Amino acid sequence: MGDTEMGVYAFEAGERSVEIAFRENNSGKFVRISEVNTTTGRRNRIIVPASGAGQLFSEIQACIDQGIDGKTEEDERSVVISSVSFKAETRIVFVDYKEGARGRFLKLSTRGTGGSRKASVLLAADTLGEVVKGLLQVLDVNAADAAVTLSERYPEDTPITRVVQSGAKAIHFEVGKNSRGTFLRLYQKSKRGNAGSVVIPAPLWKEVASTLVSLADEVGVVNDGSVSTAAPTSTAKPTYTDVAVEDRRALWVNNIPYALTTEQLLEHFAQFGGDIDTQATQCNVSRSGRPLGSATVVYHNADDARRVLEDANNTDVGDPARTIQVRWNRQQPPAEA
């Protein structure tokens, strides 16, 4: 969906027009501060997630407490009065209070945690009272307890992070939450800086993990990262793309509970009928014997396999139950005589 405006406050400050808006979209609620030079038409804006609104309010108020005067001019003679930064969900917010040749001003900047380019707005110190007033209005809070109220109203869970290091490169795993649920952000850091990130929704985590382990076993990757020359290849058996649909008999079952046994798997699939090849059906494990969260179910009859492919897909198995996905197995056995 597009942005939904929940509150807006605007004011003029000399040659600049400032707008403070509280909005919501698919990524969640956020504060947007925009400033436009009415002479040049140049527009700048920053976005701060709602979970950072309380701290943003506090930091701006702290700048006011240090005294205000001046205009929005930054030049090489600017000196820093105070400088703080804080993280709000997927953004880092920088609050720099400075003084230049023409007075004091506040520089608010944000960038993504993955290293995206900074966005900034400059606010004259003598307009900060109006900025605070606008924040209070659009966020619908009282000045006396605004920071506390906002932190309680829009809490942010501390992200869970893990780092996998390989030489000069580091792969970062960061768990976060937004209005769409829990997600995992993967991004790489090296001496050259941050690379792009990939976001994986929580429902896909185990399927992705299972696929990675399966690929590692298939290729023959061992713990030190090397590839075993003794690793089996997948060319010994035809893949489903080599076998006509009417001859396919093997199903791939994903997202099964790790504790599920082959006997329990057979019991679940027995309810859909068909002649199961109990010798070829199994819960998949790694070379070390670790469950992979997937299984292979093989039928003697291709017609049974096609029917169960549809009937068993998205059914629940195990306790606690998990919803399984059933697809054609990548490798197919030869047709039975």
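Structure report, in brief.

Cut-offs applied
Residues numbered from 1 in each chain as written. Predicted model: local features only at pLDDT ≥ 70, side-chain atom pairs only at ≥ 80, totals over all residues. Heavy atoms only, no water. Helix = DSSP H or I, 4+ residues; strand = E, 2+ residues; numbered from the N terminus. Expected span 1.5 Å × (residues − 1). Buried < 20%, exposed > 50% of the residue type's maximum accessible area, 1.4 Å probe, protein only. Pairing = 2+ DSSP bridges. Axes fitted to C-alpha atoms, helices over the stretch in contact; angles between N-to-C directions. Contact = heavy atoms within 4.5 Å. Phe/Tyr/Trp six-rings, centres within 6.5 Å; stacked < 30°, edge-to-face > 60°. Lys NZ or Arg CZ within 6 Å of the ring centre and 35° of its normal. Arc of directions from axis to C-beta. Polar contact = N/O pair within 3.5 Å; in protein donor to acceptor, adjacent residues only side chain to side chain. Core = buried A, V, L, I, M, F, W, Y, C linked by side-chain atoms within 4.5 Å.

A closer look at helix 1 (residues 53–65)
For helix 1, built from 13 residues, the straight-helix expectation of 18 Å at 1.5 Å per residue is met to within 8% by its first-to-last C-alpha distance of 18 Å. Every buried residue of helix 1 is listed here: Ala53, Gly54, Leu56, Phe57, Glu59, Ile60 and Cys63. Phi turns positive one or two residues past the end of helix 1, at Gly67, with a value near 105 degrees.

Overview of the sheet that holds strand 8 (residues 119–124)
Pairing is antiparallel in the open sheet, where 4 strands are placed in the order 5-6-7-8. Because the sheet does not close on itself, it has two edges, and the strands there are strand 5 (79–88) and strand 8. Direction aside, neighbouring strands of the sheet carry axes that sit 15 degrees apart on average. As paired elements, strand 6 (residues 91–100) and strand 7 (residues 103–112) share 10 bridges and run antiparallel to each other. Each bridged residue has a counterpart across the sheet, and for Ile92 the counterpart in strand 7 is Arg111. In the packing of helix 1 onto the sheet, the strands contacted are strand 5, strand 6 and strand 7, and the crossing angle to strand 5 comes to about 170 degrees.

Quick word on the packing of aromatic side chains
Per the counting criterion, the structure on display carries 2 aromatic pairs. Centre to centre, the rings of Tyr9 and Phe11 are 6.3 Å apart; their planes meet at 55 degrees, and the pair counts as tilted. Ring geometry for Phe269 versus Phe272: centroids 6.0 Å apart, planes at 65 degrees, classification edge-to-face. Take Phe269: its relative accessible area is 1%, and that puts it in the buried class. With relative accessibility at 16%, the residue Phe272 sits in the buried group. Cation over ring: Lys118 sits above Phe94, and NZ or CZ is 4.0 Å from the ring centre.

Focus on helix 6 (residues 302–311)
Given 3.6 residues per helical turn, the α-helix brings residues three or four places apart onto the same face. Listing the buried residues of helix 6 in full gives Ala302, Asp304, Ala305, Val308 and Leu309. Looking straight down helix 6, one finds that the buried residues subtend no more than 150 degrees of arc, so they occupy a single side. Buried positions along helix 6 lie against strand 13 (250–254), helix 5 (262–270) and strand 18 (325–328). One side-chain oxygen of the residue at the start of helix 6 lies 2.7 Å from the amide nitrogen of Asp303, identifying that residue as Asn301.

Concerning the nonpolar core
Note that soluble globular proteins tend to have their nonpolar side chains buried in a common cluster. Residues Val31, Ile33, Ile60, Leu106, Leu108 and Leu139 are the most contacted members of the largest nonpolar core, which totals 36 residues. The element that contributes the greatest number of residues to this core is helix 2 (residues 128–139), accounting for 7 residues. Setting aside residues no more than four positions away along its own chain, Ile60 makes contact with Leu106, Leu108, Leu128, Val131, Val132 and Leu135. By size, the runner-up hydrophobic cluster in this structure holds 20 residues, among which are Phe269, Cys283, Ala295 and Ala305.

Let's talk about the sheet that holds strand 14 (residues 282–285)
Pairing is antiparallel in the open sheet, where 4 strands are placed in the order 14-15-13-18. Each edge of the open sheet carries a strand with a single partner, namely strand 14 and strand 18. Ignoring which end each strand starts from, the neighbouring axes of this sheet average 30 degrees apart. Against the sheet, helix 5 makes contact with strand 13, strand 14, strand 15 (291–298) and strand 18, and its axis sits at roughly 135 degrees relative to strand 14, the strand it touches most. The sheet contacts of helix 6 involve strand 13 and strand 18, and relative to strand 18 the element is tilted by about 145 degrees.

Distances and angles like these do not, on their own, reveal function.
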